[in-house]
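Inside the fold
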Amino acid sequence: MKFQYLAAGLCLAFALTAHAANDIVMSAAQLQTLGIRTAAVSVAANTQGVPYPATVSVPAGQMRVVAAPMMGLVSSVLVASNDTVKAGQPLARLASPGLAEAQRNLVQAAVQAQLARQNLKRDDQLLADGIISAARQQATRAAYLGANAMLVEQRQSLRMLGVPESLVRQMEAGRATSAEITLVAPISGVVLEVTATPGQRVDSATALFKVAKLDPLWLEISVPAKDAAAIRPGEVVTLSGRNARGSVLSVARAASMSQTVSVRAEVRGDLNGLMAGQAVEARIAQTAASGWQVPAAAVAMQQGKSFVFVRSTLGFTPVTVRVLGQSGDTARVDGALQSGAQVAVQGVAQVKAVWMGIGGEGGE
């Protein structure tokens, strides 16, 4: 048996010649001796794509956290988790001694600004009559500008506490006071989280509510690094078992420790019950580069490039390809192939060894 293989190898060594720079000349008998088998190339079907694990998330720009603007006591909570709210809708009321101090500062600033305005008006007239010097009038103007800036600051402080503009104006005029701050929804959406409870004492900046707009949603898809290079923004994304559809937004430029790349997609419209944090299975239909479908065993590597060996009348021709993705025993490649062409799928190592030995282009 060893003698038969040796004889076959010697015959093969003498019979193989380079018909052209990229040709590997092999007879049918030699293919049978080396156990080389072929399979047909077909057009890759990418209507759905390969399934990948994904997690549903809320886009960063669609999430808002409502926090306590100052230390106080939660007097009432007006919404619950999963409630739908509109922008400006009251969420809770907070009683705080700091609010009374802010109102007092506003009134004092308003009085000082009014007095400074009157002094400036008087000194403008005295300067025009030549009674006072320009230096005195300039000092009065500087005092007015400082008092007015302080008033603006106190107004802004109350607005930041959540006091409506109309109530700020009434407080400034001394016609209204309030012992409570009303916390309102900053955007229209759904209340995802409520941590406030009536009677709870909270510090400044304590997060009390989380409100989010849930359309559209993001999918964070974990794709093997070898597949991610072929994914392009805009490609269609579908979810297994759901009607929801979306498109790829971006592909991360770095792989994780598990050699997966995060692909972000956006899902709009019919969300089909998707929820933030939910684990789903996503498929990316890479329609921009459908490519060819070949058995994964047909792809060989040489000097960092991928090749398949296409059957020809003389033997085989190595063709450079770009691997677009792989699912199980099937690979999707892009290259100068034709539907129905036969490629080596068994004995590929033997064909490659012969190619490296006779082809100047393929050797090391």
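In case you missed it, the structure is sitting above this.
Worth saying up front: this structure is predicted, and the values here are computed from it rather than measured.

Cut-offs and rules
Residues numbered from 1 in each chain as written. Predicted model: local features only at pLDDT ≥ 70, side-chain atom pairs only at ≥ 80, totals over all residues. Heavy atoms only, no water. Axes fitted to C-alpha atoms, helices over the stretch in contact; angles between N-to-C directions. Helix = DSSP H or I, 4+ residues; strand = E, 2+ residues; numbered from the N terminus. Parallel < 35°, antiparallel > 145°, perpendicular 65-115°, else oblique. Left-handed = near helix turned anticlockwise from the far one by under 90°. Contact = heavy atoms within 4.5 Å. Nonpolar A, V, L, I, M, F, W, Y, C, P; charged D, E, K, R; others polar. Phe/Tyr/Trp six-rings, centres within 6.5 Å; stacked < 30°, edge-to-face > 60°. Buried < 20%, exposed > 50% of the residue type's maximum accessible area, 1.4 Å probe, protein only. Lys NZ or Arg CZ within 6 Å of the ring centre and 35° of its normal.

Interaxial distance between helix H4 (residues 134-160) and helix H5 (residues 165-172) falls to 10 Å at its minimum, and their mutual angle equals 135°. The angle between H4 and H5 places the two elements in the oblique class. Here H4 and H5 pass one another in a crossing that is right-handed. Contacts between H4 and H5 pair Leu151, Arg155, Leu158 and Arg159 from the former with Glu165, Val168, Arg169, Met171 and Glu172 from the latter. Of the residues assigned to the contact of H4 with H5, the class counts are 4 nonpolar, no polar and 5 charged.

Okay, the packing of aromatic side chains next. If you walk through the whole model with that rule in mind, you get 2 aromatic pairs. Judged by centre distance (5.0 Å) and plane angle (65°), the ring pair of Phe307 and Trp355 falls under edge-to-face. Remark: Trp355 occurs in helix H7 (residues 348-358) and Phe307 occurs in strand S20 (residues 305-311); sequence separation between them is 48 residues. Take Phe307 and Trp355: they sit in the same class, and that class is buried. Relative to Trp355, the ring of Phe309 lies with its centre 5.5 Å away and its plane at 75°, an arrangement referred to as edge-to-face. One end of the pair, Phe309, is in strand S20; the other, Trp355, is in helix H7, with 46 residues separating them in the sequence. Note on Phe309: relative accessible area 0%, which makes it buried. Residue classification places Trp355 among the buried positions, given a relative accessible area of 3%. For Arg311, the ring lying beneath its charged end belongs to Phe316, and the centroid distance is 5.6 Å.

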